[in-house]
Amino acid sequence: MVSEYSGRDALNQALRRALAADDRVLLLGQDIADPIGGAYGVTGGLSTTYGRHRVVNLPGPVTGMTGVAVGAALEGMVPVVELSVAAIAGPALDQLAHAAALFPGANGYGSPVFRVPMPADALRGGARTRWFALIPGLNVLTPRTPAEAETFLHAAILDPAPCVVVEPVALYDATGPRSAAAPARF
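Analysis parameters
- Per chain, residue numbering runs from 1 following the sequence as it is written.
- With the structure being a predicted model, the display of local features is reserved for residues of pLDDT at least 70 and the display and counting of side-chain atom pairs for 80 or more, all residues being used for whole-chain, interface and lining totals.
- For the side-chain quantities, the full set of heavy atoms in the structure was used; hydrogens and water were omitted.
- Pairs of strands are assigned from DSSP output, requiring at least two bridges between the strands.
- Numbering goes from the N terminus for both helices and strands, where a helix is a DSSP run of H or I of at least four residues and a strand is a run of E of at least two.
- Geometry is summarised by axes, namely lines fitted to C-alpha atoms with helices restricted to the contacting stretch, and by angles between N-to-C directions that run from 0 to 180 degrees.
- Whether two residues are in contact is decided by their heavy atoms, any of which lying within 4.5 Å being enough.
- Here the expected span of a helix is defined as 1.5 Å times the quantity of residues minus one.
- Exposure classes here rest on a 1.4 Å probe applied to the protein chains alone. A residue is buried below 20% of its type maximum, exposed above 50%, and partly exposed in between.
- Arc, as used here, means the arc of the directions from the helix axis to the C-beta atoms.

Visitor: Would you mind showing me how to read the sheet that holds strand S3 (residues 55-57) here?
Guide: In a beta sheet, neighbouring strands pair by backbone hydrogen bonds and run either parallel or antiparallel. The strand order S3-S2-S4-S5-S7-S6 describes an open sheet built from six strands, whose pairing is parallel. Taken across any chain shown, the strands that pair with only one partner, and hence form the sheet edges, are S3 and strand S6 (139-141). Across the sheet, the mean angle separating the axes of adjacent strands is 20° when strand polarity is ignored. Examined bridge by bridge, strand S2 (residues 25-29) and strand S4 (residues 78-82) share five bridges and lie parallel to one another. Across the sheet, residue Leu-26 finds its bridge partner in S4, namely Pro-79. Together, S2, S3, S4, strand S5 (113-118) and strand S7 (163-168) form the strand contacts of helix H1 (residues 7-21), whose direction differs from that of S2 by roughly 135°.

This is the structure:
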């Protein structure tokens, strides 16, 4: 077993484990199915293994992706939405702000998870991450290492509240030790 992995591989591992463990988990985003695997290649190989009915390419409008995710969550699914860039996340905020109130906890619904790549300059300013943090009921996580990326995304998928995982773009190619905290179950 390799002792180090990249942030891209860590996120892929968390998604792979979630898809294998729970049929309610589905991935949504633009060009996330093979052969592209999303804007940063995080979802590479997942549609080949789990099918295009679980790894779903959606058209680009973020409001459409958010609506599909909220609807799927209300039907009991656990949608994980990949946004291609942080700059397009703004239109989803209004929908998230209103939909977050629908997911107060274990109510039979799933809950949406949004993966948002964030360039270093946007993270330093913090303005975009504060947008998400201001929405009541929305959990915001920002991993700094590959192990945190895997652990945080895993935790977000299990969380009964909607979550945004803000992924530093530099993390995709960064390498680090594997997560020592193996999840008990999904």
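Visitor: Just to check I follow, could you spell out helix H3 (residues 62-74) for this structure?
Guide: Counted at 1.5 Å a residue, the expected span for H3 with its 13 residues is 18 Å, and the 18 Å between its end C-alpha atoms agrees. Residues of H3 that are buried: Val-62, Met-65, Thr-66, Ala-69, Val-70, Ala-72 and Ala-73. One side of H3 carries all its buried residues, which in axial view fall inside an arc of 165°.

Visitor: What exactly am I supposed to notice about H1 here?
Guide: It helps to recall that an α-helix has 3.6 residues per turn; residues three or four apart then point in one direction. Its 15 residues give H1 an end-to-end C-alpha distance of 21 Å, which sits within 8% of 21 Å, the value for a rise of 1.5 Å per residue. Inspection of H1 places Gly-7, Ala-10, Leu-11, Asn-12, Ala-14, Leu-15, Ala-18 and Leu-19 among the buried residues, and these make up the whole buried set.

Visitor: Teacher, can you tell me more about the pairing of S2 here?
Guide: For S2, a buried count of five out of five residues is recorded, marking the element as mostly surrounded by other parts of the structure. Going residue by residue along S2, you find Val-25, Leu-27 and Gly-29 tucked away on one face and Leu-26 and Leu-28 tucked away on the opposite face as well. Looking at chain direction, S2 and S3 are connected through three bridges and run parallel. Following the sheet pairing, Gly-29 is matched in S3 by Asn-57.

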